[in-house]
Amino acid sequence: LFSKEGIKNSYNEAVERWSLREWWGGQLNCHTVACQGDYHCFEIATPFEDTKMLILEKCIDVGELRYAYGFACSDTLKSATKSAEKELLRNINIIKHSDLLTKNNSIELSLQERSLLYFSKKEGNDLFRLKATSQSKDTWNDLPRILFKGEIAHDLSESILCYRTLFQNNIKLKGREDEFYF
């Protein structure tokens, strides 16, 4: 049971990473979908027929208006929404306490933290919204090539499965490994 769940989670994470990068690079389309929460919900149209890829966006007030996001991939919209909500809440907490990260100039923020803080501001949200509402002319319809799919050996392999799936991305960052890449 646990190995099947681990393999499924690995696959969903790989689809999530691949889909976000290809969408941001203009190869996949995104559209709004109805959702139950107090956030906006966007679905990325992927070539994976067995998954749903969602991005949740929420405007929050932390003394100024900021934006938080959560994204997830799963086999149903309900399951993807539930997972994205967890990530959204985690990111809201990081944004609410971001002054602790940015006060001390001796702390170097990771790429993920810089990206999270950039897209939480109006300029970053405007860029997100532009991408979310733009439709690609050249969408990717084929499934990507699998670069790796298998178990990763580690010290606790006898009791804990570590499984990884990795797809080949078509979009190259062209040296842009910075916070402006969602």
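Residues numbered from 1 in each chain as written. Predicted model: local features only at pLDDT ≥ 70, side-chain atom pairs only at ≥ 80, totals over all residues. Heavy atoms only, no water.

### Some thoughts on the environment of Thr133
Rules: Secondary structure elements follow DSSP: runs of H or I of four or more residues count as helices, runs of E of two or more count as strands, with numbering from the N terminus.
Inspection of the secondary structure assignment puts Thr133 in helix 5 (residues 122–133). When the C-alpha positions of Thr133 and Glu49 are compared, they lie 22 Å apart, and in sequence the two are 84 residues distant.

### Remarks on the nonpolar core
As a rule of thumb, nonpolar side chains are buried together in soluble globular proteins. To keep it simple, the criterion reads: The set of buried Ala, Val, Leu, Ile, Met, Phe, Trp, Tyr and Cys residues whose side-chain atoms join them within 4.5 Å is what this entry labels a nonpolar core. Using a 1.4 Å probe on the protein chains alone, a residue whose accessible area is under 20% of its type maximum counts as buried, one over 50% counts as exposed, and one in between counts as partly exposed. In this description, contact between two residues means that some pair of their heavy atoms is separated by no more than 4.5 Å.
In this structure, Leu20, Trp23, Ile44, Ile55, Phe119, Phe128 and Phe182 are the most contacted members of the largest nonpolar core, which totals 23 residues. The element contributing the most residues to this core is helix 1 (residues 2–24), with six residues. In this structure, Ile44 is in contact with Ser19, Leu20, Trp23, Leu28, Asn29, Cys30, Met53 and Ile55, ignoring residues within four places of it in sequence. Core analysis: the second largest hydrophobic core is formed by 14 residues, Val33, Ile60, Ala68 and Ala72 among them.

### Observations regarding the packing of helix 4 (residues 111–120) against helix 5
Here is the rule: Simply put, an axis is a line fit to the C-alpha atoms, just over the touching stretch for a helix, and the angle between two N-to-C directions goes from 0 to 180 degrees. What sets the label is the angle itself: under 35 degrees gives roughly parallel, over 145 gives roughly antiparallel, 65 to 115 gives roughly perpendicular, and the rest give oblique. All amino acids are sorted into three groups, where Ala, Val, Leu, Ile, Met, Phe, Trp, Tyr, Cys and Pro are nonpolar, Asp, Glu, Lys and Arg are charged, and the leftover types, Gly among them, are polar.
The interhelical angle for the contact between helix 4 and helix 5, taken along N-to-C directions, is 85°, at an axis separation of 4 Å. As summarised for this structure, helix 4 and helix 5 are arranged roughly perpendicular, according to the angle between their axes. Of the residues in helix 5, those touching helix 4 at Tyr118, Phe119 and Ser120 are Lys122, Glu123, Gly124, Asn125, Leu127 and Phe128. Classifying every residue of the contact of helix 4 with helix 5 by side-chain character gives four nonpolar, three polar and two charged.

### Structural notes on the packing of aromatic side chains
Our working rule: Two aromatic rings, drawn from Phe, Tyr or Trp (for Trp, its six-membered ring), form a pair once their centres lie within 6.5 Å of each other, and the interplanar angle then sorts them: stacked below 30 degrees, edge-to-face above 60, tilted otherwise. Geometrically, a charge over a ring is one whose NZ (Lys) or CZ (Arg) sits within 6 Å of the ring centre while staying within 35 degrees of the ring normal.
For the structure shown, the criterion picks out 10 aromatic pairs. Considering the side-chain rings of Tyr11 and Phe48, the 6.1 Å spacing of their centres and the 80° angle between planes classify their relative orientation as edge-to-face. Of this pair, Tyr11 sits in helix 1 while Phe48 sits in the loop between strand 2 (40–44) and strand 3 (52–61), and the two are 37 residues apart along the sequence. Residue Tyr11 is classed as partly exposed on the basis of its relative accessible area, which comes to 24%. We classify Phe48 as buried; its relative accessible area is 5%. Ring geometry for Tyr69 and Phe128: centres 4.8 Å apart, planes at 55°, overall tilted. Here Tyr69 is found in strand 4 (residues 65–74), whereas its partner Phe128 is found in helix 5, with 59 residues between them in sequence. Just as Tyr69 is buried, Phe128 falls in that class too. Among the aromatic residues, those joined into a ring-pair cluster are Trp23, Trp24, Phe42, Tyr69, Tyr118, Phe119 and Phe128. Sitting above the plane of the Trp24 ring, Lys131 keeps its charged end 5.0 Å from the centroid.

### Topic: the state of the cysteines
Spelled out, the test is: Any two cysteine sulfur atoms within 2.5 Å of one another count as a disulfide.
The full count for this structure, using the stated rule, is zero disulfides. In this structure Cys30 is not part of a disulfide, and its nearest cysteine sulfur, from Cys41, lies 9.1 Å away. Left without a disulfide partner, Cys73 is nearest to the cysteine sulfur of Cys41, which lies 13 Å away.

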